[in-house]
Amino acid sequence: MAKMEVKTSLLDNMIGVGDMVLLEPLSEETFINNLKKRFDHNEIYTYIGSVVISVNPYRSLPIYSPEKVEDYRNRNFYELSPHIFALSDEAYRSLRDQDKDQCILITGESGAGKTEASKLVMSYVAAVCGKGAEVNQVKEQLLQSNPVLEAFGNAKTVRNDNSSRFGKYMDIEFDFKGDPLGGVISNYLLEKSRVVKQPRGERNFHVFYQLLSGASEELLNKLKLERDFSRYNYLSLDSAKVNGVDDAANFRTVRNAMQIVGFMDHEAESVLEVVAAVLKLGNIEFKPESRVNGLDESKIKDKNELKEICELTGIDQSVLERAFSFRTVEAKQEKVSTTLNVAQAYYARDALAKNLYSRLFSWLVNRINESIKAQTKVRKKVMGVLDIYGFEIFEDNSFEQFIINYCNEKLQQIFIELTLKEEQEEYIREDIEWMHIDYFNNAIICDLIENNTNGILAMLDEECLRPGTVTDETFLEKLNQVCATHQHFESRMSKCSRFLNDTTLPHSCFRIQHYAGKVLYQVEGFVDKNNDLLYRDLSQAMWKAGHALIKSLFPEGNPAKINLKRPPTAGSQFKASVATLMKNLQTKNPNYIRCIKPNDKKAAHIFNEALVCHQIRYLGLLENVRVRRAGYAFRQAYEPCLERYKMLCKQTWPHWKGPARTGVEVLFNELEIPVEEYSFGRSKIFIRNPRTLFKLEDLRKQRLEDLATLIQKIYRGWKCRTHFLLMRKSQIVIAAWYRRYAQQKRYQQIKSSALVIQSYIRGWKARKILRELKHQKRCEEAVTTIAAYWHGTQARRELKRLKEEARRKHAVAVIWAYWLGLKVRREYRKFFRANAGKKIYEFTLQRIVQKYFLEMKNKMPSLSPIDKNWPSRPYLFLDSTHKELKRIFHLWRCKKYRDQFTDQQKLIYEEKLEASELFKDKKALYPSSVGQPFQGAYLEINKNPKYKKLKDAIEEKIIIAEVVNKINRANGKSTSRIFLLTNNNLLLADQKSGQIKSEVPLVDVTKVSMSSQNDGFFAVHLKEGSEAASKGDFLFSSDHLIEMATKLYRTTLSQTKQKLNIEISDEFLVQFRQDKVCVKFIQGNQKNGSVPTCKRKNNRLLEVAVP
Ligand SMILES: Nc1ncnc2c1ncn2[C@@H]1O[C@H](COP(=O)(O)OP(=O)(O)OP(=O)(O)O)[C@@H](O)[C@H]1O
Ligand SMILES: [Mg+2]
């Protein structure tokens, strides 16, 4: 939902006056009272026109929440109560919408809240400007640069626990849309003397304490540091801990911020190494050592610390040691080396520490600038925020205060210039007559300090550069001469001797009447601090460091770039940078925040009027109000003015139709405000005196009260009438509803009564009918029951009669049967006795035979033909039957056995039978052949490719194919031959080649001879005169003699139908060609083991020895 636009004004609910311009009467007292009143009511901000005065509350107030940011966003400056956000919003909007570069100048003394104010401005701008990942990163980097710079540039002082010890100006750059692009930071004059020495109750820069408290053990070891603060001379110990400050946690915040800002890890580490080196430098101590020429020379007491510093920074130890003992002065071509005494050595050490630290700080600022600089080249709009030390007046004021006060003097000047300029411009813009206003212009004081010929800074530089002895006193003398006549310069010994008797002015001091008050400066240290001298030997030693960062901090140490010209003095440097700053600020639209510190105790709720009064004076705030009020105290655009006061005049209330300006004219005429009290500008009405405004405000308040009463009256009347009407309407509605309800209820009652009566009558009628029906039904049931009983009685009587009759019939039949049995038994008794003996015998015999057969059935032996078992005979008279039965059974089971044979098996058994008939009990070899199956073709010539030829030559069926030994008839030696028997022939072939050697038709075989012994020799006799018999008979030996002889016998029989003669004898004749040789078998001779041997004994005898 859109936020409702409420027109408000600064003047609403004002505590005191929100804008000091409206203060009446205006005096220092009323000014302070107004501030105090507001401060007591938590109103810490008050305006002087567009300048914001901020009083440090020293406690957190709930006025910076995001809701507050929203409240002030896009609202006019005077619309809400004074706030730093209003100023920020005004500045941001005129930057974004009117393309005017802005600067926000924040001034005030230490602890007044400048830094906090600058952070509030930045955070407000960050909250209201554009959003998006990139923009957010820029914002984050800009905001996170603060913790880093605060760690290195802030310290606890007696005035402020987080005092900025440097001046800071930050340009935030925006694009045309108002989105932040980046920023540039400039730093001014770091208070580097703090590094080596701190006043009582103050601390060194935060970073030293943060590092020692927050670093891990590992990091400390790496940096060669110890956690104990008391180990370091440069750290003040009495206030090392600050209440409510957690150094360790801040260290982590700083490291984190460095990371966000864009420091690489190694960069952050280098920075800490330099910090460590500075800290350790303070621990180097010197002792005097007498030399021959009577002068003292300094020597380092304990070189351990020096060694560690050198390790940390990569500097050659001897180089650094020498730089602490000697000083080389170069002039033209000459180089003169002088020894340093102890005091000079300490000076050199401290100068080095200060330089190292302040250069590191400048490097940090540059490094941050590198990270946060805008990445685009588009035209940028700039908002500068200046957080610079305010005017300082201490008991002892030195060079630093002089410089700072000079800077404030310049800022005051620019303030006067710009404020007056703005005022004047507005008058011209609004076409209002301009009147000259008297105010103090501090240009004369600025001139006293910065004038190039006789300004104090120029004098100081001159003194520093002058040859000869230069001291702070000679400088003061010079001032006394040159500035004696200046109205704002005061010195006891000045030439015009105006102050000769002024005891408040010590001799070694001079006093300047600043715009904000008189300040007494101690001249001591001015020359030294302005010189800011670092011996060249030290800068050269630093340049030689192996540590890249340290080396880069001392470019002048490079011997190649030796510059005999003195570096610019601190004073002139500062003057130059202030001049640049002023130039920069002049191009921008200024916005002022004047910070005021309410008390010295850093405590909330305490408002020390004297302290505030002092600040108001030196900030020139009354001056500021006067300048602002010079012409007209108050101005306001016509529209809001008419809107605010239109109720004071009948013509303009409630609506004015014409232009706003005419409306205001009518209004002011009507109210009879004197014409000299106001002027009409182009767009604004200018009111000369605040009194007039307050009169208007009072009238408005009164009128508002009247209006409120009127509104109340009308509202109350309207409210009562509305209430009454509502009640009446309600009453009618309630009555109507009630009547309806009552009628409804009555009707329901009558209806239910009718129903009851009706139901009673109906019930009575129904019961009557029911009664009648029940009576009728009961009569019917009685009749049926009586009939049933009658029929039952009848049936039972009949049943009883029938049962009696049946029992009588059964008894008659039984008696008859008994009678008949008796009669038959009497008749047959005599026949039974005559035939009993024979019948019993036959029966018994029959039973015995029956039993024998049945038992035999169970005792039958196995079906194997060779099983010899047979049950024993039970009765003698069954003997022949028993034997016959055994024979029949055996024949039967043999038949059964034979029936299982295949044709081939039958053939084999036939052959076996034939062999048995031929050789059983005739040849001793026979029994061993019984178990051998007759295979015939032992040699598978079909399958063996070696015998292919042989196989092809034989066309008939081969009955025997076996290797046999053919006995040589000449010497009895044997050779292997293939023995083949076919249907018609007997063939012999070579075992190796398969070539047929002899072929004998079976018809030519006449006889086969063999011994009766256990050998395989046999002779095949051939028909005399046949072709085959030309070489004589054959004599063979074979392992399968029985089979061969049998098969030869059977084949011859089937082919020639003649029985082959088989002679079994241990001596037989064999025809060898023409001779007949006797083959004789003899028993014994175990020489050759179990193999029979054959030997030709003589022409007529061949002896076969059988084992
Ligand atoms: N608006 C504020 N609300 C709450 N506390 C504040 C506010 N402004 C300042 N303070 C308190 O005052 C202390 C000092 O403020 P700050 O550091 O801004 O002073 P300074 O003007 O910058 O001082 P110096 O010149 O020493 O740097 C802060 O640390 C904070 O505690
Ligand atoms: Mg500060």
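Data block above holds the structure.
In what follows, the accompanying structure is described. (Residues numbered from 1 in each chain as written. Chains lettered and ligands numbered in written order. Predicted model: local features only at pLDDT ≥ 70, side-chain atom pairs only at ≥ 80, totals over all residues. Heavy atoms only, no water.)

**Observations regarding the sheet that holds strand β18 (residues 678–680)**
Consideration 1: Read across the sheet, 3 strands follow the order β17-β19-β18 without closing on themselves; strand pairing throughout is antiparallel. Each edge of the sheet is formed by a strand with only one pairing partner; in this case those strands are β17 (634–637) and β18. The sheet shows a mean angle of 20° between the axes of neighbouring strands, direction not considered.
Consideration 2: Sheet analysis places β18 next to strand β19 (residues 684–687), joined by 3 bridges and oriented antiparallel. For Ser-679, the partnering residue across the bridge sits in β19 and is Phe-686.
Consideration 3: Relative to the sheet, helix α23 (residues 638–645) contacts β17, β18 and β19, its axis offset from that of β17 by approximately 95°.
Consideration 4: Along the sheet, helix α24 (residues 660–670) makes contact with β18 and β19, crossing β18 at roughly 155°. (Pairing = 2+ DSSP bridges. Helix = DSSP H or I, 4+ residues; strand = E, 2+ residues; numbered from the N terminus. Axes fitted to C-alpha atoms, helices over the stretch in contact; angles between N-to-C directions. Contact = heavy atoms within 4.5 Å.)

**Looking at the pairing of strand β26 (residues 1034–1037)**
Consideration 1: Of the two faces of β26, the one lined by Phe-1034 and Phe-1036 and the one lined by Leu-1035 and Ser-1037 are each fully buried.
Consideration 2: Looking at chain direction, strand β20 (residues 958–967) and β26 are connected through 2 bridges and run antiparallel. Note on β26: the bridge partner recorded for Asn-965 is Ser-1037.
Consideration 3: Pairing between strand β25 (residues 1017–1022) and β26: 4 bridges, direction antiparallel. From the neighbouring strand, Ala-1019 faces β26, where its bridge partner is Leu-1035. (Buried < 20%, exposed > 50% of the residue type's maximum accessible area, 1.4 Å probe, protein only.)

**Some details on helix α12 (residues 342–372)**
Consideration 1: If you check α12, its first and last C-alpha atoms are 45 Å apart, about what 31 residues at 1.5 Å a residue would give, namely 45 Å.
Consideration 2: The N-terminus of α12 is capped by Asn-341, whose side-chain oxygen sits 3.3 Å from the backbone nitrogen of Ala-343. (Expected span 1.5 Å × (residues − 1). Polar contact = N/O pair within 3.5 Å; in protein donor to acceptor, adjacent residues only side chain to side chain.)

**A word on the site of ligand 1**
Consideration 1: The environment of ligand 1 is made up of 17 residues, and the closest members are Ser-110, Lys-114, Thr-115, Ser-163 and Ser-164.
Consideration 2: With respect to ligand 1, the side chain of Asn-160 contributes an N or O atom lying 2.9 Å from an oxygen atom.
Consideration 3: For the shell around ligand 1, the secondary structure elements donating two or more residues are α4 (114–128) and β5 (163–164).
Consideration 4: With 3 residues, α4 is the single largest residue contributor to the shell around ligand 1.
Consideration 5: Within the shell around ligand 1, the residues separate by chemical class into 4 nonpolar, 9 polar and 4 charged. (Near = heavy atom within 4 Å. Nonpolar A, V, L, I, M, F, W, Y, C, P; charged D, E, K, R; others polar.)

**With respect to the nonpolar core**
Consideration 1: Core analysis: the largest hydrophobic core is formed by 209 residues, its most contacted members being Phe-31, Phe-152 and Phe-510.
Consideration 2: With 33 residues, the next largest nonpolar core counts Ile-960, Val-1000, Val-1020 and Leu-1048 among its residues. (Core = buried A, V, L, I, M, F, W, Y, C linked by side-chain atoms within 4.5 Å.)

**Section: the pattern of salt bridges**
Consideration 1: Tallying each qualifying case throughout the model produces 65 salt bridges.
Consideration 2: A salt bridge links Arg-203 to Asp-247, with the shortest nitrogen-to-oxygen separation between them at 3.1 Å. Here Arg-203, found in the loop between β7 (180–188) and α6 (206–214), pairs with Asp-247, found in helix α8 (residues 247–261); they are 44 residues apart in sequence, far enough to count as distant.
Consideration 3: Overall, the relative accessible area of 0% leaves Arg-203 in the buried class.
Consideration 4: Overlapping salt bridges bring together Glu-226, Arg-231, Lys-280, Glu-305 and Glu-308 as one network. (Salt bridge = Lys/Arg side-chain N within 4 Å of Asp/Glu carboxyl O.)

**Observations concerning the coordination of the magnesium ion (ligand 2)**
By definition of the ideal shapes, four donors in a tetrahedron about a metal sit 109.5 degrees apart, and six donors in an octahedron sit 90 or 180 degrees apart.
Consideration 1: Those protein atoms acting as donors to the magnesium ion (ligand 2) are Thr-115 (OG1) and Ser-164 (OG), and they sit at 1.9 to 2.0 Å. In this pair, Thr-115 is assigned in helix α4 and Ser-164 in strand β5, connecting sequence segments 49 residues apart.
Consideration 2: The exposure class of Ser-164 is buried, given its relative accessible area of 17%. (Donors = N, O, S within 2.8 Å, 3.2 Å for Na, K, Ca; no water.)

**Considering the side chain of Glu-914**
Consideration 1: On the secondary structure map, Glu-914 appears in helix α27 (residues 903–919).
Consideration 2: Since its relative accessible area comes to 16%, Glu-914 is described here as buried.
Consideration 3: Glu-914 has contacts with Thr-1046, Tyr-1049 and Arg-1050, leaving out every residue within four places of it along the chain.

**Observations regarding the packing of α27 against helix α30 (residues 1041–1056)**
Consideration 1: Two elements in contact, α27 and α30, have axes separated by 9 Å at closest approach and are oriented at 100°. The orientation of α27 relative to α30 falls into the category roughly perpendicular. Of the residues in α30, those in contact with Leu-907, Glu-910, Glu-911, Glu-914, Ala-915, Leu-918 and Phe-919 of α27 are Ile-1042, Ala-1045, Thr-1046, Lys-1047, Tyr-1049 and Arg-1050.
Consideration 2: Split by residue class, the contact of α27 with α30 holds 7 nonpolar, 1 polar and 5 charged. (Parallel < 35°, antiparallel > 145°, perpendicular 65-115°, else oblique.)

**Remarks on unusual backbone geometry**
Consideration 1: Looking along the chain, the bond that leaves Glu-24 and enters Pro-25 is cis, with omega of -10°.
Consideration 2: Omega for the bond connecting Trp-653 with Pro-654 falls within 30 degrees of zero, at -5°, which places this linkage in the cis form.
Consideration 3: Relative to the assigned elements, Pro-654 resides in the loop between α23 and α24.
Consideration 4: The phi angle at Asp-99 is positive, at roughly 60°, despite the residue not being glycine.
Consideration 5: Here Asp-99 is to be found in the loop between α3 (84–98) and β3 (102–107).
Consideration 6: Since its relative accessible area comes to 41%, Asp-99 is described here as partly exposed.
Consideration 7: Within the chain, Leu-189 stands out as a residue other than glycine whose phi angle is a positive 40°.

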